[in-house]
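Listed below are the residues making up each chain.
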Amino acid sequence: MSINKVMCAALLVFASMLSLPGLAAEASSGEVMCEDSGLFGPKLFTDICWACLFPIRISGVQITPGTAPAKATKMVFCACQEGSSPIYKPGIITAMWEPARMVETVRKPGCSPTLGGVTLPLGNKRSYGRLRQDNSTQTGQASGSFYHAHLYAFPLLQILDLYTPTKCNPDGYLDLDILSFTEIDPTWNNGTLAFFQHPESAAVANPIAIAACAAESALVTARKEPLESLWWCTGTWGSIYPFAGVTVAQDANRTTALLAARVIAQQHRRGLARRTMGDENVCKAGIYPTIPKSQYRVTQFWPKSQNSRAMWLGEPPQTWEGGPSRHVPGTGNDAMYMFWRWTDCCSKL
């Protein structure tokens, strides 16, 4: 569906929800409402890190400056099978960073800054999230932070009809699409259920595995590529596991970025996301059960956009654009992150 159709649908949902007694009472009580990120407006152009598309490689030659993943293909030519036909067609390799996913992390159930600040009828007040930035809690308060997360397909180049070969669209999305809402995922607010669905987390729930993440933290702090061998780590943000919305107490930027990364990792673990990088994936993106961290880079779109440089997963907020003081007062602690995916593709001649 087109952007106009998405906006119309969002407005219809918002209008219909205003007629709900609960929402009307909320508005009249002066409670803070769900905020609009302004995605469908000038920010779609001004708040995007267009330089993050680079480098662009054609036939193994890097025609623009930039940093590509170490495991990206170095092939010049390729040959791919056409459907079920035994005939292979030749092509050349094209590769670049492409905006692929948008993840919003919110405390209010159903709140969608992406869709203009509408609140969808998901969850209830008992499932509200929270932000804890220190370990001190008052009596009756839960420890740690909890956020809901919403995952959208966001193929921006296809949406804007910019250059991208149609044969090099690994998952086929052409417009903004809703992929998952954690409010309807029973494992997101229950660590025990998340463990039984992903029991490999037991193998890395020990001091040795946690200590190993320090090596990656040092790398990403120096703006180096993360280590895919440490598939349970996300640098200074924390552990990928459990695939649940609860994290240890830490600042808002690291908390929301970690949960956004968990959603992407969860998609890979469930076979719903693909590896688009490397020689073996130039013809068809393959299923990959752990998150290929060097395949992704991330920028915060809202509340404060990063439009000059994309981050590796796990980079500390001190290295983000704006530094540790980049949080905008008065905007709450929800956030939206754009994930850029490196795509190696055989463009058939």
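Residues numbered from 1 in each chain as written. Predicted model: local features only at pLDDT ≥ 70, side-chain atom pairs only at ≥ 80, totals over all residues. Heavy atoms only, no water.

Asker: An account of the nonpolar core is requested, with residue identities and associated values reported.
Answerer: Among the nonpolar cores identified, the biggest contains 35 residues, and W232, W237, L313, Y337 and F339 are the most heavily contacted of them. Every element with two or more residues in this core is listed here: strand 8 (148–153), helix 6 (207–221), helix 7 (252–269), strand 13 (296–302) and strand 15 (335–348). Among residues more than four places away in sequence, those in contact with W232 are V204, A209, A212, C213, S239, I240 and Y241. In this structure, L115, L176, F301 and W342 belong to the second largest nonpolar core, which totals 33 residues. (Core = buried A, V, L, I, M, F, W, Y, C linked by side-chain atoms within 4.5 Å. Buried < 20%, exposed > 50% of the residue type's maximum accessible area, 1.4 Å probe, protein only. Helix = DSSP H or I, 4+ residues; strand = E, 2+ residues; numbered from the N terminus. Contact = heavy atoms within 4.5 Å.)

Asker: Which residues make up the packing of aromatic side chains, and what are the values?
Answerer: The full count for this structure, using the stated rule, is 10 aromatic pairs. Where W97 meets W312, the ring centres are 6.0 Å apart and the plane angle is 70 degrees; that geometry is what we call edge-to-face. Pair noted here: W97 is in strand 4 (residues 88–106) and W312 is in strand 14 (residues 311–312), with a separation of 215 residues, a long-range link. By the burial criterion, W97 is buried, and W312 matches it. Pairing W320 with Y337 gives two aromatic rings, centres 6.4 Å apart and planes at 80 degrees, and the pair type is edge-to-face. On the criterion of sequence distance, the pair formed by W320 in the loop between strand 14 and strand 15 and Y337 in strand 15 is long-range, its members being 17 residues apart. On the basis of relative accessible area, Y337 is assigned to the buried category, the value being 0%. By way of ring pairs, the aromatic residues W231, W232, Y241 and F243 are connected into one cluster. When the ring centre of W97 is taken as origin, the NZ or CZ atom of R297, which lies over that ring, is 5.9 Å away. Taking the ring centre of W312 as reference, the NZ or CZ of R297 above it sits at 4.4 Å. (Phe/Tyr/Trp six-rings, centres within 6.5 Å; stacked < 30°, edge-to-face > 60°. Lys NZ or Arg CZ within 6 Å of the ring centre and 35° of its normal.)

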